[in-house]
Each structure stands twice: as structure tokens, then as C-alpha cells.
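# Architecture and fold: a report
So the chains spell out like this:
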Amino acid sequence: MAEAADFQGTRPSPARRWLRRTTALVAGAPLLAGLVQLPAASPALADGQPSAKADGDVGSVAVAVDSLTPSAPTDGDTVTVSGTVTNNGKQTVTDAHVGLRLGPEINTRSSVDAIAKDADDLQGSIPPEIDDKYTEKFPKLTPGVAEHFNISVPVGDLDLGDDGVYEFAVSLSGETSARPWEQILGIQRTFLPWQPDEAGTKTKTTALWPLVSTTHMAAETGPNEEQTPVFLNDDLAEEISPGGRLNQMVTLGKDLDVTWVVDPDLLASVDAMTGNYSVRDGDKTVAGTHQDVAKQWLADLQDAVADAEVISLPFADPDLASLAHNGTDVTGSLSQLKSATDVIHNTVDPILHVKPSTDFAWPVDGAVDRSIVKVATSAGADKVIARSDSLQETSGLPYTPSAARPVGGGTTAVVADSRLSRAFEGDLTDASASTLAVQRFLAQSLSLNLQTGKQRSIVIAPQRMPSGSQARAMAEALRALQDGTWTEPQKLSAAAAAKPDPDASTKVPSASAYPASLRRQELPRSAFVQIARTQDALDNFKVVLSDPSRVATPFGRALNREMSASWRGRADAAKSFRTRVKTYLDGLTGRVRLIDKSETKLSGRSATIPVTVQNNLVQDVGPLVLRLTSTNPTRLEIDGAAYEEQPISVSGGHSQSVKFTTSANANGRATVVAQLYTMDGRAYGDPVTFDVKVTEITATVMLVIGGGVLLLVLAGFRMYTQRKRAAARHAEKGEAGDAEDAEDAEDGPENPEGPGERLSEESDARPRAGDPEQPSDPAPDTAAENADPSGTGERVDR
């Protein structure tokens, strides 16, 4: 929000606060006089408090506030502070004590930021100690040794004034051999929100609780009927196991009044783990073993979201800014966003058993410009979750306005508060860092509520993938808000529908205002080009399959994952994933291919040429079109033309040969190209090119063939005349009777040719080796070719 939001409306100061400040000023007068008179090396005391003047020992002790309970006390509470003090100097600290200090009320949100920035600075203003009885003493602090402290003070003894945020500090005072007087050697500032009674006007607060992870599933699946999914690694199992990041998110979130924001890819990945799955292990895969963990996590999540609002991001949480800046001019990129949105209800509903809202788009870090808003709403969303450090206030409002902003075109920008949303970034593994983050968050929330008497709707949109320690700090702060007196929870849909502040800014920044640090992490244009090429290859592959869903679903989801915002800051990993998806698809496509052929010889004017298609997939392919083309049709024609096409279908795990009729017009070598095509005319796979050698038919060969044919004709004519004469003789002697015939049989026939005639007839019925083929013999055809490549010099028979 604009800094103008830090100026509160004028409120009359109570007499009690005026009296306290006046007393402090009067008490400080002797100190000012003493500072003028005393040497620089002497201790300067004011109202019993040591000087904060820098010297060699000041700041040598680190003070860590590990716990402050309750975070937002009310009347009758006892505030307990615990932590450690560590002497980081070289000298032993003696006569040391830890004391509590309470500063004045903090009036603006920017003041909260300033104090938090200099939380351990001894050069700034240091509030007085509360009371000597609320201290913990240490006779000495040895260098390098941490000492624990625990101090409790009734809230009534803190002498808190009006409702508001107060600076609260823990300090370590002591002496060293070089400085043998009491001095402040370390301090840790934090905040104490004070709103003992229910606020007259409460801020409606929406907190997003994101369940988002990185990409875990590969495009590969098993060849079995179930298509066993393959995971890149076992990281997801670690995240959802007890103590893991996502396990903590579910455990913590189920007790909070939050709006869940889920990535369908995460749900689909965990759901896949509930059955048989494999995990990559180098160049091989091993069976996954975390089915029970996955089932338990999903059951816990289903229970947590049963009565809560659930917002679903598009599948795999696409990087909207990268798409807007680098992908819109690449054909098909916006279609990927739509497909990622369309799959939501087929994923979230069946797994969580709730109907999610798909009306919201969430760019990375809530950073928006006009192109991002346009892309974000292109797939159906009409609300964009932005952040106030992107869509900033320009009208000088003295308060933080409500989140909803109409930005034109029927689109609503839901502007999350930047200070509250970023309160839990950074390393919060240390208890002190976590405690300070919680107190700062509560201080900002209460300061925001006290800005005006108007009721407002505020949205908190934290980082997408908080660590376990960040999630714990967030949960602690949100629990304090729920139990507090100045806010009330609200769903995101209600915040988006709330009446906008008429004076709030609705101007979406231009693309030039997009942060350079975020732009450097975007997916490059080359990524979207590669995604488009993979999609084209997938489309070409699907049309030849009998069951396209076996590849359409895993590869479609893999393409969605290639656009994920989770690749930011991991450019090499993103490129490797894209390359592996394309390589795997090419490998599957290559399992349907033409068998290579060597040179083929034609020993006549016409012949058939077989071409074999091999299918090494588990499913049937087809129909495809196989085209055989002669590059020199004047020498070799395919079915009387330059090319011929034939449809072909091949069963899974089999090969199929197709025969093409060719005719030679001249001798020599002709090149032939075989190519598969889809039914819509797109080339499929690599072509196979081979040569056909046509053998010349010479005059001598023709003469030999002609002579052979003539001999066969003459032999046939002779046999015909002999049979005709024999038939005539039998007709003339038909009246002679059987006896005469018997006598004639003893003396032999009157045929001048002698007995050889009958033998000749018998030989006609029994051809002998070496006899020429008869014209009536069928010409042999080429047998179906097997799947092996043809040998060198393959001959194709006529």
C-alpha cells in the first residue's frame, strides 16, 4: 500500500499518555546536562538507565526472544518472555541482567517496519525498563556461552495505555573489565499488540492457505494396462510424510479458518501414489513404496477441506507472467492454459470430494501488469489475485483500502496486503526469527485496523510454497488473529465480492513496471516454442493410435507441467524436463516405423515391391497411408504413375507388409521413397529411401527365349496331328469287332510311327527333368516380406 496509508486519522491523546511522556522528558533533562559535563568514556546515566552510546563492548551480547506468550495479551493475562543471551564478545560480562522494556505506542504501519528493521540496534531510541523485579540476573556471561532466560510480568504492571501497538524490548545489561559500569550490551525489539476489548469495527481478513509443490511426475508410464505412473524422484513422499512440509500444511490448516488454494497436479500426483507407481533411480525405475502415506495424507486433506472454501489453480500452476511476456506469440501456448483449466473438475472434485472455485488466477508474487491480467482471464477466470506492492495506491488514502478493485472488462483485482503477505518470508527455522515474524504480523494487522472506523476486507496471500517453519509461524499468527479482538475471518469469494473503496486505485501497471528480479526468472520464449513442437508431435501421434488416451493424458499433463511457475529459479531443471518429455515422445513415435530396405533388383519389365511397417507399441495403429514414390517415373513407375498410396493398419507388436506393383520403362537404377502419412495428410515418421536396379533385356536373350517358345509350339503341333490320325483309325475299324482288334493287338498297330507313339503320349503326361515350362504354368509371385531388412542385392521376382 502507499505510504499514505501509514497516517492515521487524528485521535485525541489521553491524559495518561501525555503525563507519561512529560515525565520522561523531565527525567531526561539531567541526562542531557550530564552528557555535556561528563567525559566520553564515563558512564552516562539517566533515570537509572545505562547509556546506549556505542563503544567496543556495546552490542557484544546477542539477545534472542524465542517465545512471547500470549502474542496479543488482554486484561488479566501474564506476559511470559523466554529466550537466550549469548556473549559474542571477547570479555566476560559480569553483574548482568535481562530486563523488559516497554516503549510508546506506535502510530503507523511504516513505524512498525522501521522498528523491525533495526530490532537489535543500540544506536536508536531505547525505552526504559519496566521494573527491576521483572529481570533475570547472571553473575557472569562467559564468551561463546548461551544462557537461557524466562521472565513473566502481569499485563497490569506493563502500564499499557490506549488500544494499539507498543514497542516491546528485551535487553541485556552488564559490565566488562574494560567498561566497569552498567551498560546495555544487547537488545531485541519486538511488538506487543494491545486490544483488550472487542474492537468497534473489525477488519474482515482472508488468509490463503496454499497447497502447491514442484513437478514430481514424468511423462513416462508403464506399458501395462494400468499405465503405472513414473515419478522423477521420491521427494513428494517426503513432503507428505509426517513432519514433511505438505503434511504440516494440512495438519496446521485444518484448525484454521482459511481459504485453501490447491494445485490439481499435486492432488493427482499424490492420488497416483496410492496405487502402484515407479520412481526413477538413475537410468532405471524402482517400485514406489509410500502408498499408505499417500492414502493417509489425502484422507487428512479431505477431512480438512470438507467445510472450507477451496480455490483451484489451473493444473500444474502455470506461470501466467511468463506466458504473458514470452509465450502469447507462440501458437498454441494459450491453448495449454485452457487445457490446464479444463482438467480441474476431473481432478479436484473426484479426489477432494468438494467443488472448487475456478474464478481466481494467481500470478507469481501477485505481480501484475496489463498483459498478465489479459492472459490470466483468457481461460475463464474473472478475478486476479494481485499484491499491493504491484497494484499500488496513488490517491493518497490515509488508510489501507479493501482488497477488491474493479480493473475493467468485468475483471476484479483482489489486492492482497503486501506487508501481511510477506511477513513469513525468509529463514524462520530459528525460534527467535519465527517469534519476531509473528509479533510483527500482529502489529501490522492491529495497526491496519486502527487506521479508520471503516470496515474493510483484507486478503493475505503468502508465498506459494512455505517451508515447514514458515507454515508453523503463519499458523501461530492466524490462530492469534482468530482468537483476537480486532479481526474476523472471511472467505476469498466474499472479499472479492465486497464493495470496493471508491477512492482506491484501479490502475493496472504497464509491463515496464514488472519487477526485473521476477522477469529474470521467467520461462524464456524458447520454452514455449519447444512446448508447441512437442504438442504438434503429440497431435500427429494420437491420430494413428487405436487408444489415443494412453498418450493424450500423460503427455497432456506433462506439457502443462512444462509451464509451471515452480520452475522459476530452476532454468536448467526446467529445460531438462522439457527435453526428456520430447525425447520420450519421439521414442514412442519411432516404434511405428518403416523397415529399412537395401537395393532391389528387377529382372523384368514388371514386379511387385513389398514395403514393411513395424509396430512395436502395445496397441494397434492405423489407419495410416503408405505411399511409395518413384523419383524417376520415366524409368520406373509405381502402378503406372509416379507414386501409389495404400492404407495400412498394424496390430500391436506386429509387422505388416504392403506390395506395390512396379513397371520398368528402361534399364538402370531408380530411387524409390516410402513414407507413412496420417489420414489428414501429415507425414509420420522418417521416410525410407532405397534404389531399384532394372536389368536390361538384350536381343540375344530375346532370341533364345523366342527359339524356346517356337520349339514348344512345334512339339505341340506334332502331338496334335498324331492324336488326330490315331482317332481316325479307331473310327474306321470300329465295325471289325473285338476279335479282330485282339489280333491286331498281337501284330501291332498299322501306325508307321511304331510303338513309340504311345510312349510319347505317356511321356506327355509325365514331364521329365529339363523339359521347358509350359505357357500355362502360373508365374510365381513375391512372398510376404518378413520384418528383417532385405539383404544386399535383394531380387524381386516377376
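Our structure is the block above this text.
Here is a short report on the structure shown in this document. (Residues numbered from 1 in each chain as written. Predicted model: local features only at pLDDT ≥ 70, side-chain atom pairs only at ≥ 80, totals over all residues. Heavy atoms only, no water.)

## Looking at the pattern of salt bridges
As a reminder, the rule being used: Salt bridges are defined as contacts in which a side-chain nitrogen from Lys or Arg sits within 4 Å of a carboxyl oxygen from Asp or Glu. Note on conventions: DSSP H or I runs of at least 4 residues are helices, E runs of at least 2 residues are strands, and numbering of each starts at the N terminus. Throughout, exposure labels follow a simple rule: accessible area from a 1.4 Å probe, protein chains only, divided by the maximum for the residue type, with under 20% read as buried, over 50% as exposed, and the rest as partly exposed.
Under the definition given, this model contains 25 salt bridges. When the shortest N-O distance is used, the salt bridge between D317 and R464 registers 2.7 Å. Taken together, the positions of D317 in the loop between β14 (309-312) and α7 (320-327) and R464 in the loop between β19 (457-460) and α13 (468-483) put the pair 147 residues apart, joining distant regions of the chain. Using a relative accessible area of 3% as the deciding quantity, one classes D317 as buried. Take R464: its relative accessible area is 12%, and that puts it in the buried class. Taken together, the shared-partner salt bridges in this structure form one network comprising D113, R419 and R440.

## Overview of the side chain of S630
Just so we agree on the cut-off: Counted as a polar contact is a pair of N or O atoms within 3.5 Å, where, for protein atoms, one must be capable of donating a hydrogen and the other of accepting one, and residues adjacent in sequence contribute only when both atoms are in side chains. It only takes one pair of heavy atoms within 4.5 Å for two residues to be counted as in contact.
Its location among the elements puts S630 in strand β24 (residues 621-630). Within polar-contact distance, the side chain of S630 engages the backbone nitrogen of N632 at 3.3 Å. Not counting chain neighbours up to four residues away, the residues in contact with S630 comprise L636, I638, A642 and T671.

## Describing a nonpolar patch on the surface
For clarity, the cut-off: Note that patches include only residues with greater than 30% relative accessible area and no salt bridge, and the join distances are 9 Å for like charges and 5 Å for nonpolar side chains (Val, Leu, Ile, Met, Phe, Trp, Tyr). Per-residue and other accessible areas were derived by the Shrake-Rupley procedure at a 1.4 Å probe size, with only the shown protein chains allowed to occlude residues.
Side chains of L710, L711, V713 and L714 sit close together on the surface and give an oily, nonpolar patch of about 410 Å² of accessible area. One can find L710 in helix α19 (residues 699-732). The exposure class assigned to L710 is exposed, which follows from its relative accessible area of 52%.

## So, the nonpolar core
Basically, it comes down to this: Nonpolar cores were defined as sets of buried Ala, Val, Leu, Ile, Met, Phe, Trp, Tyr and Cys residues, with membership established by side-chain atoms within 4.5 Å.
Counting 77 residues, the largest nonpolar core has F541, F555, L594, L626, L628, I648 and L676 as the members making the most contacts within it. At seven residues, helix α16 (residues 525-542) tops the list of elements feeding residues into this core. Each residue touching L676, except ones within four places of it in the same chain, is listed here: L594, V613, L624, V625, L626, I648, R682, A683 and Y684. Listed in part, the 64 residues of the second largest apolar core include L298, L301, I351 and I460.

## Let's talk about the packing of aromatic side chains
The description of an aromatic ring pair uses the distance of the two centres, along with the angle that the planes make with each other. What counts, and what does not: Only Phe, Tyr and Trp rings take part, Trp by its six-membered ring, and two of them pair if their centres are within 6.5 Å. Stacked means planes under 30 degrees apart, edge-to-face means over 60, and tilted covers everything else. For a ring to carry a charge above it, either NZ of a lysine or CZ of an arginine must fall within 6 Å of the ring centroid while also lying within 35 degrees of the normal to the ring plane.
In total, this model carries four aromatic pairs according to the counting rule given. Here F555 and Y584 contribute two aromatic rings whose centre-to-centre distance is 5.6 Å and whose plane-to-plane angle is 20 degrees, an arrangement assigned as stacked. Of this pair, F555 sits in helix α17 (residues 549-562) while Y584 sits in helix α18 (residues 571-589), and the two are 29 residues apart along the sequence. Here F555 falls in the buried class, since its relative accessible area comes to 2%. For the cation-ring pair, R627 lies above Y643, with the distance from its terminal atom to the ring centre recorded as 4.9 Å.

## Quick look at the sheet that holds strand β2 (residues 78-87)
The strands that make up a sheet are held in pairs by hydrogen bonds between backbone atoms, and each pair lies either parallel or antiparallel. Where we set the bar: Here a strand pair is declared whenever DSSP counts at least two bridges between the two strands. Here an axis means a line fitted to C-alpha atoms, over the contact stretch when the element is a helix, while the angle between two N-to-C directions is reported on a 0 to 180 degree scale.
Taken in spatial order, the three strands line up as β1-β2-β5 in an open sheet, and their pairing is antiparallel. The strands lining the two open edges of the sheet, one partner per strand, are β1 (61-69) and β5 (146-154). Strand-to-strand twist of the sheet, defined as the mean angle between neighbouring strand axes without regard to direction, takes the value 20 degrees. One ladder, built from eight bridges, connects β1 with β2; its direction is antiparallel. Bridge pairing links T69 to T80 in β2.

## Some points on helix α4 (residues 245-253)
Of all nine residues that make up α4, eight are buried, and the element is covered over most of its length. Of the positions making up α4, those classed as buried are R245, L246, N247, Q248, M249, V250, L252 and G253. Lining the buried residues of α4 we find β8 (203-211), α3 (235-240), β11 (259-262), α5 (264-273), α6 (291-305) and α13.

## A look at the environment of L236
Tracing the chain through its elements places L236 in helix α3. For the pair L236 and T215, spaced 21 residues apart in sequence, the C-alpha separation works out to 9.1 Å. Once residues within four sequence positions are removed from consideration, L236 is found in contact with H216, F231, L246, L266, S269, V270 and M273.

## Examining the environment of L100
Examined against the element boundaries, L100 turns out to sit in strand β3 (residues 93-106). Relative accessible area serves as the criterion here: at 1%, L100 is assigned to the buried category. The spatial distance from the C-alpha of L100 to the C-alpha of E136 is 9.7 Å, given a sequence separation of 36 residues. In contact with L100, not counting residues within four places along its chain, are V81, P128, E129, I130, Y134, I151, V153, F168, A169 and V170.

## So, the side chain of N449
Positionally, N449 belongs in helix α12 (residues 431-449). When its relative accessible area of 6% is taken as the criterion, N449 is described as buried. Those residues in contact with N449, other than ones at most four positions away along the chain, are A199, T201, K202, T203, R456 and W486.

## Focus on the sheet that holds strand β27 (residues 655-664)
Sheet architecture is open: four strands sit in the order β21-β23-β27-β25, paired in antiparallel fashion. At either end of the open sheet lies a strand with only one pairing partner, and these are β21 (592-594) and β25 (636-638). Each strand of the sheet is rotated relative to its neighbour by a mean of 30 degrees, with strand direction disregarded. One ladder, built from three bridges, connects β21 with strand β23 (residues 606-615); its direction is antiparallel. Bridging across to β23, L594 finds its partner in V613.

## Let's talk about the packing of α16 against α18
How we decide: Any angle that is under 35 degrees is reported as roughly parallel, and any over 145 degrees as roughly antiparallel; angles of 65 to 115 degrees are reported as roughly perpendicular and all others as oblique. The crossing is said to be left-handed when, going from far helix to near helix, the turn is anticlockwise and less than a right angle, and right-handed when the turn is clockwise. Note on residue classes: Ala, Val, Leu, Ile, Met, Phe, Trp, Tyr, Cys and Pro are nonpolar, Asp, Glu, Lys and Arg are charged, and everything else, Gly too, is polar.
Close contact between α16 and α18 brings their axes to 10 Å; oriented N to C, the two are set at 20 degrees. Relative to α18, the element α16 lies roughly parallel. Relative to α18, the crossing made by α16 is left-handed. Contacts between α16 and α18 involve A527, Q530, I531, R533, T534, A537, L538 and F541 on the former and, on the latter, R578, T579, V581, K582, L585, L588 and T589. Looking at side-chain class alone, the contact of α16 with α18 contains eight nonpolar, four polar and three charged residues.

## Some points on unusual backbone geometry
Looking along the chain, the bond that leaves T69 and enters P70 is cis, with omega of -10 degrees. Positionally, P70 belongs in the loop between β1 and β2. Geometrically, the link from G622 to P623 is a cis peptide bond, its omega value of 0 degrees lying close to zero. With a phi angle near 55 degrees, D159 is a residue other than glycine that sits in the positive phi range. Examined against the element boundaries, D159 turns out to sit in the loop between β5 and β6 (164-175). One non-glycine residue, D365, adopts positive backbone phi at about 60 degrees. When you line up the elements, D365 lands in the loop between β15 (360-361) and α10 (370-376). Judged by relative accessible area, which is 34%, D365 ranks as partly exposed.

In short, geometric facts, not functional conclusions.
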